[in-house]
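Results of the structural survey
The lines below spell out each chain.
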Amino acid sequence: MTEESTALYVVPTPLGHLGDMTQRAIDVLRRVRWVAAEDTRHSAPLLRHYGSTARLLAAHEHNEEGAARQVIARLAAGESVALVVDAGTPAVSDPGARLVGRVRAAGYRVVPLPGACAAVVALSAAGWSEARFLFYGFLPSKAGQRAEALRTLVDLPWALVFYEAPHRILDTIDALSAVFEPTRQVVLARELTKMFESIHCCPLGEARDWLLADANRQRGEFVVLVAGAPAKIGDGEGERVLTVLLDEGLPVSQATRLAHAITGAGKKSLYQRALRWHDERRPSDAVAGPEIL
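Residues numbered from 1 in each chain as written. Predicted model: local features only at pLDDT ≥ 70, side-chain atom pairs only at ≥ 80, totals over all residues. Heavy atoms only, no water.

This next bit is on the environment of Val 11. Along the chain, Val 11 falls in the loop between strand E1 (7-10) and helix H1 (23-31). Along the chain, Val 11 and Gly 115 lie 104 residues apart, while their C-alpha atoms are 7.6 Å from each other. Setting aside anything within four residues of it in sequence, one finds Val 11 in contact with Met 21, Ala 25, Val 28, Leu 29, Ala 82, Leu 83, Val 84, Gly 88, Pro 90 and Leu 113. (Helix = DSSP H or I, 4+ residues; strand = E, 2+ residues; numbered from the N terminus. Contact = heavy atoms within 4.5 Å.)

The subject of this paragraph is the confidence of the model for the protein. Per-residue confidence for the protein averages 91 on the pLDDT scale, and 93% of its residues sit at or above 70. Per-residue pLDDT stays below 50 along residues 285-293; that stretch engages in 0 contacts with residues further than four places along the chain or on separate chains. (pLDDT = per-residue confidence, 0-100.)

For the coordinates displayed, the defined rule picks out 0 disulfides. Of the cysteine sulfurs around Cys 201, a residue in no disulfide, the closest is that of Cys 202, at 6.6 Å. (Disulfide = S-S within 2.5 Å.)

What the rule picks out here adds up to 3 aromatic pairs. Ring centres of Phe 135 and Tyr 163 lie 5.1 Å apart, and the angle between their planes is 70°; on these two criteria the pair is classed as edge-to-face. Here Phe 135 is found in strand E6 (residues 133-138), whereas its partner Tyr 163 is found in strand E7 (residues 159-164), with 28 residues between them in sequence. For Phe 135, a relative accessible area of 30% translates into the label partly exposed. Arranged with centres 5.8 Å apart and planes meeting at 70°, the rings of Phe 138 and Tyr 163 form a pair that is edge-to-face. Of this pair, Phe 138 sits in strand E6 while Tyr 163 is found in strand E7, placing the two residues 25 residues apart along the sequence. Judged by its relative accessible area of 38%, Phe 138 falls in the partly exposed class. Under the relative-accessibility criterion, Tyr 163 is labelled buried at 10%. Grouped by ring-pair contacts, the aromatic residues Phe 135, Phe 138 and Tyr 163 constitute a single cluster. (Phe/Tyr/Trp six-rings, centres within 6.5 Å; stacked < 30°, edge-to-face > 60°. Buried < 20%, exposed > 50% of the residue type's maximum accessible area, 1.4 Å probe, protein only.)

What follows is the structure in structure tokens.
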């Protein structure tokens, strides 16, 4: 090893194109005694392609604790181990985080290598100028939990990055459409670095029709990017508009909805302000008696 001996090496593998493996990653795979792999059947041909003779042990999401014990035993014997997943960087929406944590807790070095990450690849091709992004990964599979997760993200000003499987892509687009404005820009990046790679940008309101126009567009692994929420008019302007509407006699809920639609100010804060306005102007329930001088 060019690095100090006896360590767990976190090794990214190509998303699809075998030429994307770094030389350093190839050198590590050729020199370690063991490779902990998400799917040994998938990784065995990859290791042969790069000339690695390392022995494989399984390290997937269902056996990470047991795999961690095996890796620590190998490290204790003075043998370095590489950690790989089927594609991309271990522990980033893939197995590996718990194993890495156990190795660090046991006092052994963890050496991360740079390499393929689908989220970064998709962002680099989006052409968006947002300086910040939030990587979410896979949304919950249950519809209610997915909708709740999206509601917490809808007002964030950063680009949002999701991973999605082909059999759920339409459900995810429907869930996004139910929460986000149809004008929000999305990028559907499919099969990145592979033969049938496609990167399509459109308003969210058009994404479903684009996917349905050709069944092939629903195939493969997806990175879905959603542009950040547009800048809002300040809450002060929202409260000014809200007060005007309430003074005109509109109900609290209707005034809140209109003030939000007009100014973009947060619904929750507008609603709370409307309730305070209502309380401040509510006549006293008590009937005033004669003054006693």
